Amino acid sequence: MSEYLLEARNLTKHFLLDNDTVSRLAGKTRTLKAVDGIDFKVKRGETLGLVGESGCGKSTTARLITRLVEPTAGEVLFKGENLLTLSHKEMQKTRKSIQLVFQDPYSSLNPRKTIMQILSRPLEVHNLAHNWVEKRKRVLELLNLVGLGEEHVDRYPHEFSGGQRQRIAIARALAVDPELIIGDEPVSALDVSIQAQVLNLFRELQEKLSLTYIFIAHDLSVIRHISDRVAVMYVGKIVETGDVTDIFNAPKHPYTKALLDAVPDADPLSKPPVLTLKGEVATPIDPPPGCRLCNRCPIATPQCSVDMPELMEVEKGHYVACHNL
């Protein structure tokens, strides 16, 4: 049995833009390369943190893995099986093992359903409970897992705080006993104090249930707290990946260094960081050949504007996509 639960190979999603104003004025179809041929692996029982600026392709990657959005190209291997070759019916069965926790707990729960109805629905879809007694027993177990009680079971989502709603969303993901949970910025809509509680809950559940996580965030402190390994994305590409200690203590890629430099320092006497990247973030719409960071990078060479660098191992388990390292 492979040590990797999930592998993405050349995972790609391109959106054709032919009906927007700019495309119509230009008289041509443009291509938005949201995810442009990325590779990563997730070991059983670990947490892979996927980090990058808004719009870099993190959430699209989550939806490609679960086939909520169909990829343009590539492979997604789950326990050695390519999910992209499965039929709709086969994929529905596999989704029992891969669950998503979405960013906004205010919109991801149906406001017209009680918590009993919300948490029992996955049991009905996957035929995991055969009568009301079995469903209620399982729902109460799930509420207990995420720190809520029996008194919450017949309430509606609007009767809960944001942190409690996200706990309910986590319970819904756990209802079908998944092996992999993808958290799509699951704490970014919460207050900082509540974020810590929910992150600790994720860690407790991982230890208790032997879960594997892909944790998506743009907050580096969140990624550092929960991840074992980190993959850094920039405009649809993974530019660096490695153990969390290597990424945060010894980053190699200029973009990763700039991300870490941009984190505010609590010390009022510390000097502000020197900005190493100039200009605007590159557009994923018909990007030019070469490195996406080329026009902003302080160490760029002529080769960078011609060839797209591939991820290369610079140290054991530490991969960087850069020509000049």
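Residues numbered from 1 in each chain as written. Predicted model: local features only at pLDDT ≥ 70, side-chain atom pairs only at ≥ 80, totals over all residues. Heavy atoms only, no water.

Asks: Sorry, what's going on with the sheet that holds strand β7 (residues 180–184) here?
Replies: The strands that make up a sheet pair up through hydrogen bonds in the backbone, lying either parallel or antiparallel. Pairing in this open sheet of eight strands is mixed, and the strands run β6-β7-β8-β3-β9-β10-β12-β11 from one edge to the other. Edge positions in the sheet fall to β6 (98–101) and β11 (312–315), since each of these pairs with one other strand and no more. Shown here is a sheet whose adjacent strand axes are inclined to one another by a mean of 20°, direction ignored. Helix α6 (residues 162–174) contacts β6 and β7 of the sheet and is inclined by roughly 170° relative to β6. Across the sheet, helix α7 (residues 192–209) touches β3 (47–51) and β8 (212–217), and the angle it forms with β8 is around 160°. (Pairing = 2+ DSSP bridges. Helix = DSSP H or I, 4+ residues; strand = E, 2+ residues; numbered from the N terminus. Axes fitted to C-alpha atoms, helices over the stretch in contact; angles between N-to-C directions. Contact = heavy atoms within 4.5 Å.)

Asks: What exactly am I supposed to notice about the pattern of salt bridges here?
Replies: Two side chains of opposite charge can pair, provided their charged atoms sit close to one another. As enumerated under the stated definition, the model contains 15 salt bridges in all. Glutamate 179 serves as the salt-bridge partner of lysine 79, at 2.8 Å between the closest nitrogen and oxygen. Separated by 100 residues along the polypeptide, lysine 79 in the loop between β4 (73–78) and β5 (81–82) and glutamate 179 in the loop between α6 and β7 bring together distant segments of the chain. On the basis of relative accessible area, glutamate 179 is assigned to the partly exposed category, the value being 26%. Note that arginine 136 and aspartate 154 form a salt bridge whose closest N and O atoms lie 3.8 Å from each other. Placement of arginine 136 in helix α5 (residues 132–145) and of aspartate 154 in the loop between α5 and α6 is noted, with a sequence separation of 18 residues between them. Taken together, the shared-partner salt bridges connect Glu7, Arg9 and Glu75 into one network. (Salt bridge = Lys/Arg side-chain N within 4 Å of Asp/Glu carboxyl O. Buried < 20%, exposed > 50% of the residue type's maximum accessible area, 1.4 Å probe, protein only.)

Asks: What should I look at first to understand the sheet that holds β4 in this one?
Replies: Taking strand neighbours across the sheet as the criterion, the four strands line up as β2-β1-β4-β5 in an open arrangement whose pairing is antiparallel. Of all strands in the sheet, those with a lone pairing partner are β2 (30–43) and β5, marking the two edges. Pairing between strand β1 (residues 4–17) and β4: five bridges, direction antiparallel. Bridging across to β4, arginine 9 finds its partner in glutamate 75. Packed onto the sheet, helix α2 (residues 58–65) meets β1, β2 and β4 and runs at close to 70° relative to β2.

Asks: What exactly am I supposed to notice about the nonpolar core here?
Replies: Within soluble globular proteins, side chains that are nonpolar tend to cluster in buried spots. Counting 58 residues, the largest nonpolar core has Ile170 and Leu174 as its most contacted members. By residue number, the principal contributor to this core is α6, which donates six residues. If you look at the next biggest cluster of nonpolar residues, it comprises 28 residues, including Leu5, Phe40, Val76 and Ala231. (Core = buried A, V, L, I, M, F, W, Y, C linked by side-chain atoms within 4.5 Å.)

Asks: When you look at α6 in this model, what are you seeing that I'm missing?
Replies: Over its 13 residues, α6 runs 19 Å from end to end, which matches the ideal 18 Å to within 8%, given 1.5 Å per residue. In terms of residue burial, α6 counts as a mostly covered element, since 11 of its 13 residues are buried. Residues of α6 that are buried sit in contact with β6, α4 (115–125), α5, β7 and α7. (Expected span 1.5 Å × (residues − 1).)

Asks: Please clarify how the packing of aromatic side chains should be interpreted in this entry.
Replies: Aromatic ring pairs are defined here through the distance separating the ring centres and the angle between the ring planes. Going through the model one piece at a time under the given rule, you end up with three aromatic pairs. Plain terms: the ring middles of phenylalanine 202 and phenylalanine 215 are 5.3 Å apart, the flat faces sit at 90° to each other, and that makes the pair edge-to-face. Here phenylalanine 202, found in helix α7, pairs with phenylalanine 215, found in strand β8; they are 13 residues apart in sequence, far enough to count as distant. The class of phenylalanine 202 is buried, set by a relative accessible area of 1%. On the accessibility criterion, phenylalanine 215 (1% relative accessible area) is buried. Between tyrosine 234 and tyrosine 255, the ring centres sit 4.5 Å apart and the planes meet at 50°, which makes this aromatic pair tilted. Highlighted residues: tyrosine 234 in strand β9 (residues 229–234) and tyrosine 255 in helix α10 (residues 254–261), separated in sequence by 21 residues. Take tyrosine 234 and tyrosine 255: they sit in the same class, and that class is buried. Put simply, the rings of Phe202, Tyr213 and Phe215 touch in pairs and so form one group of aromatic residues. Lysine 13 extends its terminal NZ or CZ atom over the ring of phenylalanine 15, reaching a point 5.1 Å from the ring centre. (Phe/Tyr/Trp six-rings, centres within 6.5 Å; stacked < 30°, edge-to-face > 60°. Lys NZ or Arg CZ within 6 Å of the ring centre and 35° of its normal.)

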